[in-house]
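What follows is the residue order along each chain.
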Amino acid sequence: EVEAKYTKKMQALRNELDLRRKTEIHEVEEKKSSQINELMRNHEKAFSDIKDYYNDITLKNLALISLLKDQVEEMKKREIILEKEKAEVLLQNKRLREPLQQAREQVSELQKKLASYEKDKEALTNTRARLKVAQKELKDLRWEHEVLEQRFGKVQAERDQLYQKFTRAIAEVQQKTGFKNLLLERKLNGLRSVLEKKEVELSEVFAASNLDLGALSVVSRRLEDLVDCKNATIEDLRLQLARVCKAHNDMLETFEAKLTAFGIPLDNLGFKPLASPVPGQ
């Protein structure tokens, strides 16, 4: 009975434990199924995200590959064009070597010109400064020129008056001098003729009269005194004539000097002043 009792209890406990175990197993299985489902959902979501991500990357890579292919094709075309341009540039470089050398020489010359340009620029600055000074001097000179023109007009009027007066004076002096010279020449010629006549008469008297030597010496001395007196008179007249001629010539020289000082050419007189020859020269 005890064994049966305990067997019964043990069976009941075993059944209870089996039920509890089954219940726990069932709960565990449910939890496991729930976790599995959760993990599957998470894995599916992650896989979907990864799939979308890699799909996007794949699409982007495909687009990039396509773009890169287009770029490669474009770059190949550009490479071909650049090769052609390179060949043209090389050919052009060969053609431009000589102009380049000429251009370098021109650059060298231009640099030299630039150096001289700086000097010319400095000289231009100095020249402008001198030009300002010259312009100021020109302004002053123009003012002085106007003043001198006014003075010149006044002097020219005075010159014209002096010229008219001087012309009249020259005419009068020439007329008086010529008339006086003519009188002196005639008087001198008359005295010479008188002297010749007296000498002839004296010779005839000496020949006709038989005077002694003493009387002849007295008469000779008187005649010599008379001749000396006449010669002194002639010499005096010659000196007067020389003074008059010299005064006339001095007046002409003074007149010509005045005309030259006033800037009047001698040809503007309308006549040529006659210079009197000085006797004895």
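Residues numbered from 1 in each chain as written. Predicted model: local features only at pLDDT ≥ 70, side-chain atom pairs only at ≥ 80, totals over all residues. Heavy atoms only, no water.

Looking at the overall build of the protein
Here is step 1 of the chain: Within the protein one finds 2 helices and 0 strands.
Here is step 2 of the chain: By the burial criterion, 9% of the 281 residues in the protein qualify as buried.
Here is step 3 of the chain: Considering only intrachain contacts with a sequence separation of at least 6, the fraction spanning at least 24 residues in the protein is 79%.
Here is step 4 of the chain: Accessible surface for the protein amounts to roughly 24400 Å². Of this, 57% is attributable to carbon and sulfur atoms. (Helix = DSSP H or I, 4+ residues; strand = E, 2+ residues; numbered from the N terminus. Buried < 20%, exposed > 50% of the residue type's maximum accessible area, 1.4 Å probe, protein only. Contact = heavy atoms within 4.5 Å. Areas by Shrake-Rupley, 256 points an atom, 1.4 Å probe, with all protein chains shown as cover.)

Observations concerning the packing of aromatic side chains
Here is step 1 of the chain: Within this structure, the stated rule accounts for 1 aromatic pair.
Here is step 2 of the chain: Consider the rings of Tyr 53 and Tyr 54, whose centres lie 5.3 Å apart with planes at 75°: the pair is edge-to-face.
Here is step 3 of the chain: The cationic tip of Lys 9 hangs over the ring face of Tyr 6; the distance from NZ or CZ to the ring centre is 5.3 Å. (Phe/Tyr/Trp six-rings, centres within 6.5 Å; stacked < 30°, edge-to-face > 60°. Lys NZ or Arg CZ within 6 Å of the ring centre and 35° of its normal.)

Here's the deal with the pattern of salt bridges
Here is step 1 of the chain: Going through the model one piece at a time under the given rule, you end up with 6 salt bridges.
Here is step 2 of the chain: Put simply, Asp 49 and Lys 45 hold a salt bridge, and the shortest N to O gap is 3.3 Å. With Asp 49 and Lys 45 both in helix α1 (residues 2-208) and 4 residues apart, this pair spans about one turn of that helix.
Here is step 3 of the chain: A salt bridge links Lys 246 to Asp 250; the shortest N-O distance between them is 3.1 Å. Taken together, the residues Lys 246 and Asp 250, both in helix α2 (residues 213-261) and 4 residues apart, mark about one turn of the helix.
Here is step 4 of the chain: Residue Lys 246 is classed as partly exposed on the basis of its relative accessible area, which comes to 46%. (Salt bridge = Lys/Arg side-chain N within 4 Å of Asp/Glu carboxyl O.)

Observations regarding a nonpolar patch on the surface
Here is step 1 of the chain: Judged by side-chain polarity, Ile 50, Tyr 53 and Tyr 54 come together as a nonpolar surface patch covering roughly 340 Å² of accessible area.
Here is step 2 of the chain: Considering the arrangement of structural elements, one finds Tyr 53 in helix α1. (Patch = residues over 30% accessible without salt bridge, like charges linked within 9 Å, V, L, I, M, F, W, Y side chains within 5 Å.)

Here we look at a negative patch on the surface
Here is step 1 of the chain: Together, Glu 24, Glu 27, Glu 29 and Glu 30 line one region of the surface with negative charge.
Here is step 2 of the chain: Take Glu 30: it is sitting in helix α1. (Lys, Arg positive; Asp, Glu negative; His and termini not counted. Charge placed at Lys NZ, Arg CZ, Asp CG, Glu CD.)

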